[in-house]
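# Coordinate analysis (summary)
Spelled out from the first residue to the last, the chains are:
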Amino acid sequence: MGNPRYIKVAEQIKVIVAELIERRIKDPRLGDFVTVTDVRLTGDGREATVFYTVLGGEEERVGTAAALNSATGMIRSTVGKQLGMKFTPTIAFVLDAVQETAAEMEALLAKARASDADLAARSAGATYAGEADPYKKPHEDDADDADALGEGDEA
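Residues numbered from 1 in each chain as written. Predicted model: local features only at pLDDT ≥ 70, side-chain atom pairs only at ≥ 80, totals over all residues. Heavy atoms only, no water.

### Here's the deal with the overall build of the chain
The helix and strand tally for the chain stands at 5 helices and 3 strands. The N-to-C order of helical and strand elements in the chain reads α-β-β-α-α-β-α-α. Here the chain holds 155 residues, and the buried ones make up 26% of them. Look at the contacts in the chain between residues 6 or more apart in sequence, and 61% of them connect residues 24 or more apart. (Helix = DSSP H or I, 4+ residues; strand = E, 2+ residues; numbered from the N terminus. Buried < 20%, exposed > 50% of the residue type's maximum accessible area, 1.4 Å probe, protein only. Contact = heavy atoms within 4.5 Å.)

Right, here's the structure in full:
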């Protein structure tokens, strides 16, 4: 957990950058659906990492990364003006891998579900290799002998 002040500053930077991407950056390379997912500041507040996602393919991701990197100076100066801080943090843009990670997890879960269904289908008609109940139990005639011995001791 970081400094509470820097957490608030990171949230403000997130809002400012999202508004700038939506309204002021008119670069044609910028993808249609760019979302700022998170902003993290270093412990001293000198560097800000802005995580973003882009809806689309690899071409849109590359174009958006180039557009954001070319607009970094304008974004930093606007952030500095709006925050009114003595030192404006440097800004670095990083593509958030949430979508790819979620897709990989969904694929793994689907594979596990298919494996479970296959195992259930194979075990539906299965029988035990040995007896159904492998535990040793006293035989009925042994129990009768024990009762007979117990009654004879009392007499």
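Still to come is the rest of the account.
### What to know about the side chain of T78
Along the polypeptide, T78 turns up in helix 3 (residues 72–83). Contact partners of T78, with chain neighbours within four places excluded, come to L20 and R24.

### Brief notes about the side chain of R61
With respect to the helices, strands and loops of the structure, R61 is situated in helix 2 (residues 58–70). Sequence-distant contacts of R61, that is, excluding residues within four places in its chain, are made with V54, G56, L95, Q99 and E100.

### Description of the pairing of strand 2 (residues 47–54)
Here strand 2 lies mainly inside the structure; 6 of its 8 residues are buried. Alignment of strand 1 (residues 34–41) against strand 2, held across 7 bridges, turns out to be antiparallel. Bridging across to strand 2, T35 finds its partner in T53. Between the antiparallel neighbours strand 1 and strand 2 lie 5 residues, among them G45 with a positive phi of about 75°. Sheet analysis places strand 2 next to strand 3 (residues 90–95), joined by 6 bridges and oriented parallel. Bridging across to strand 3, A48 finds its partner in I91. (Pairing = 2+ DSSP bridges.)

### Description of the nonpolar core
Counting 27 residues, the largest nonpolar core has I13, V17, I21, I75, V79 and F93 as the members making the most contacts within it. If you tally residues by element for this core, the top one is helix 1 (residues 4–23), at 8 residues. The residues contacting F93, other than those within four sequence positions of it, are V17, V50, Y52, L68, T72 and I75. (Core = buried A, V, L, I, M, F, W, Y, C linked by side-chain atoms within 4.5 Å.)

### Brief notes about the sheet that holds strand 3
Here 3 strands make up an open sheet; going across it, the order is 1-2-3 and the pairing mixed. Strands with a single pairing partner mark the edges of an open sheet, and in this sheet they are strand 1 and strand 3. Averaged over neighbouring strand pairs, the angle between their axes works out to 25° when direction is ignored. Contacts between helix 2 and the sheet are confined to strand 1, strand 2 and strand 3, with strand 2 contributing the most and set at about 150° to the helix. (Axes fitted to C-alpha atoms, helices over the stretch in contact; angles between N-to-C directions.)

### A look at the packing of aromatic side chains
Each aromatic ring pair is characterised by the separation of its centres together with the angle its planes make. For the structure on display, the rule yields 1 aromatic pair. Ring centres of Y52 and F93 lie 6.4 Å apart, and the angle between their planes is 70°; on these two criteria the pair is classed as edge-to-face. Placement of the pair is Y52 in strand 2 and F93 in strand 3, with a sequence separation of 41 residues. Take Y52 and F93: they sit in the same class, and that class is buried. (Phe/Tyr/Trp six-rings, centres within 6.5 Å; stacked < 30°, edge-to-face > 60°.)

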